[in-house]
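Architecture at a glance
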Amino acid sequence: MWEQFIEDVPRFFGFWNLMFLGQALLNTLLLSYLGAAFGFALGFCLAIGRHPRLYGIAPLRLLATAYVEVFRRIPFLVKLMCVFFAFQLSGAQASLFTVALVTVVLSAAAFAAEIARAGIESVPAPQWDAAEAMNFSRWQMLSRIIAPQSWRVVVPPLFGYAVGFIKSTSIASQIGVMELTYAAKILNTRGFSALLCFGTILVVYFLICWPTKRFGEHLETRLGQRPQA
Amino acid sequence: MGYDLIYSQVTGHVPYLLGGALLTLQLATISFLVGWAIGLFNASILHFGPHPARLAVQGYVTFFINTPLLVQIFFIFFVLPDAGVLLSPYAAVAIGMSLNAGAYLTEIQRAGFQSLRREEMDAATAMGFSVPQMIWYVVMPHIAKTLYPPLSNQFIIQVMTTSIAAIFAVEELTGRAYNVNSLTFRSMEVFSIVAVIYVVLTLACSLALAVLGRWLFRVKARIV
C-alpha cells in the first residue's frame, strides 16, 4: 500500500490533477454554501409563515408544518433521487448541479425553519404584547421587535447545519455532480492509490468543515456573552 | 412532455421494500449501540483520563464530525483492502457508521458527564467506588435519564443515515428501492413511496422511543 502511495504522490499532485480537484472543490463549496444560504432564507420564511402571531394563517401554517416535519425525516439520498427524477419528469433541462442545489435548499429550509422557530419563541411574551399594544403592524413587529432579539439565538446553530450540508453534498456524487467525492472516485478509477485519493479529500473536507464549525462556536460564545436586549 | 404517475406497477413491491426497512432498523440499531459504547468510553476518558488520551479522543471526535460519512466509508471500503483487510459492504458500512455515531455520541455524553453534580461524584469517591463503578452506578443512571431525548434523536438520525448503505449495494430500504427502480423503471413512484416509508418509519421510532422513555425513566419527550 505504502509503496504505491509514495510512488503516486508526485504524479497525483501534478498541475492537471490539482486543477481538477480545485474545480471539484469549487463545486462542493458553491453547492453547500449557496444551497445553505438559499435554504436558510426559505426556512426563515417558513418559520414566519408558521407562527400564529406573525403571518401564520391556518392553511399556510399547516403546509409549513407538514413540510418541515416531512423533509426532516427523509434521508438526503432519497430526497436527491426524488428531486432528480422529478426534474426528469417535468422535462426541464436542468444540470445535475441544479438538481443537487435544489435538494440542498429543500433540506436546509426544513432544518432552518426549526431553528428560526426556536429563535422566535425565545422572545418573551410581554414583548409581543407590548408590540401589539403599540399597534405595530406584523412587519414592524417582526423587523423591530422579534428579529433584533432572536438573531443571536438563530445564527450560531446555522453554521453547525451548514457543516452538515457540506458533508451531505458528498452524496451528490451519486447522481454524478462533479464535486470532491466524485472527483476522488474518478482519480481512483484512473489508477491512483485509494489511500491517496480518499485521504486527500478527507483532509480537504476537514479543512472546509472545521473552520466553519469553529466560527459557529465562536459566534455562540461571543453572542451569548452580550447582555440580552 | 406528459408523464402519468402509475403506482400500480410498484405497489406489489412494497412488502419487499418493507423487508428492506427491517435491515435499515438493524443497521441503525447496531451502529447506534456500538457508537453509544464508543461514546461512553470516550466521554469517560475525557472526564477521568490522562491528558494524551483526552487529546486523542478530541482528535477522533473532531475528525469524524468534520468529514462526510460517505467518504469515511469509501475510505474503509477501498483503502483497507490495500492493507489486507477485506470487508463485506455490510461490514464496511456498519463499521463506518458506528465510528461516525461514536463521535457524535461522545459529544452528547460528554455533556452528560459535565452536568453531573460535583457532590454525587465526591460521594462516590468517598464510598470508595472505582472509576468503572462510578461510571456504571452514578454516571449511567444519570445519563440514561437526562440524555434520553438527545440519544433517541441520534437514533432517528442513524435510521436516516443508513440510506448511505445503498451506495455500497447493501439491500436496505434505499438499496431495495434501487432494485425495484431497475425492475420497473417507475423511478418517481418508487422513490416517493420510499420517502413516505422513511417518514413513517422515523415517526414510529420516535413514538416507540418516547413510550419507552416514559416507561423506563419517566422522560417526557416531544415526538413531533
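Note: the structure precedes this text.
None of these values were measured; they are calculated from a predicted model. (Residues numbered from 1 in each chain as written. Chains lettered and ligands numbered in written order. Predicted model: local features only at pLDDT ≥ 70, side-chain atom pairs only at ≥ 80, totals over all residues.)

Moving on, we get to the overall build of chain A. A count of helical and extended segments in chain A gives nine helices and zero strands. The order of helices and strands in chain A, counted from the N terminus, is α-α-α-α-α-α-α-α-α. C-alpha atoms of chain A, sized along the principal axes, occupy 75 × 45 × 25 Å. Looking at the 229 residues of chain A, the share that counts as buried comes to 41%. When contacts within chain A are restricted to residue pairs at least 6 apart in sequence, long-range pairs at least 24 apart make up 79% of them. (Helix = DSSP H or I, 4+ residues; strand = E, 2+ residues; numbered from the N terminus. Buried ≥ 20, exposed ≤ 12 C-beta atoms within 10 Å, placed from the backbone. Contact = placed C-beta atoms within 7 Å.)

In this section: the packing of helix α2 (residues 14-48) of chain B against helix α9 (residues 173-184) of chain B. All names here are of chain B. Remark: α2 packs on α9, axes separated minimally by 7 Å, with the N-to-C direction vectors making an angle of 155 degrees. Relative to α9, the element α2 lies roughly antiparallel. Note on element contacts: α9 touches α2 through Leu173, Gly175, Arg176, Ala177 and Val180, opposite Tyr16, Leu17, Gly20, Ala21 and Thr24. (Axes fitted to C-alpha atoms, helices over the stretch in contact; angles between N-to-C directions. Parallel < 35°, antiparallel > 145°, perpendicular 65-115°, else oblique.)

Residue and element names in this part refer to chain B. For glycine 175, the location among the structural elements is in helix α9. When the C-alpha atoms of glycine 175 and glycine 20 are compared, they prove to be 7.7 Å apart, with 155 residues separating the residues in sequence. Ignoring any residue separated from it by four or fewer positions in sequence, one finds glycine 175 in contact with Gly20, Ala165, Ala166, Ala169 and Val170.

One frequent convention defines the size of an interface as the accessible area lost when the parts assemble. Residue-level contacts link 31 residues of chain A with 33 residues of chain B. Elements supplying a minimum of two residues to the side of chain A that touches chain B: α3 (58-71), α4 (76-90), α7 (138-168), α8 (180-189) and α9 (194-225) of chain A. With 10 residues, α9 of chain A is the largest single contributor of residues to the side of chain A that touches chain B. Taken together, the residues that form the side of chain A that touches chain B break down as 22 nonpolar, five polar and four charged. (Nonpolar A, V, L, I, M, F, W, Y, C, P; charged D, E, K, R; others polar.)

Before going further, it helps to examine the environment of lysine 145 of chain B. Tracing the sequence through the fold places lysine 145 of chain B in helix α7 (residues 131-146). Along the primary structure lysine 145 of chain B and glycine 84 of chain B are separated by 61 residues, whereas in three dimensions their C-alpha atoms are 43 Å apart.

The subject of this paragraph is the packing of helix α3 (residues 51-65) of chain B against helix α5 (residues 89-114) of chain B. All names here are of chain B. It is at 9 Å that the axes of α3 and α5 come closest, and there the two elements cross at 115 degrees. When you trace α3 past α5, the crossing you get is left-handed. Here Val57, Tyr60, Val61, Phe64 and Ile65 of α3 lie close against α5, whose contacting residues are Leu99, Asn100, Ala103, Tyr104, Thr106 and Glu107. Across the contact of α3 with α5, the residue classes tally to eight nonpolar, two polar and one charged. (Left-handed = near helix turned anticlockwise from the far one by under 90°.)

Attention shifts here to the nonpolar core. Ranked by internal contacts, the top residues of the largest apolar core, which has 121 residues, are Ala108, Ala112 and Phe198 of chain A together with Phe191 and Val194 of chain B. Of all the elements, helix α5 (residues 96-121) of chain A adds the most residues to this core, at 16 residues. With sequence-adjacent residues up to four places away left out, phenylalanine 198 of chain A is seen in contact with Ala184 of chain A together with Val71, Phe74, Phe75, Phe78 and Val79 of chain B. (Core = buried A, V, L, I, M, F, W, Y, C linked by C-beta atoms within 7 Å.)

With that settled, consider unusual backbone geometry. Unlike most non-glycine residues, asparagine 135 of chain A shows phi in positive territory, near 60 degrees. Tracing the backbone through its elements, the reader meets asparagine 135 of chain A in the loop between α6 (125-133) and α7. At phenylalanine 185 of chain B, a residue that is not glycine, the phi angle is positive and equals roughly 60 degrees. Mapping phenylalanine 185 of chain B onto the fold places it in the loop between α9 and α10 (187-217).

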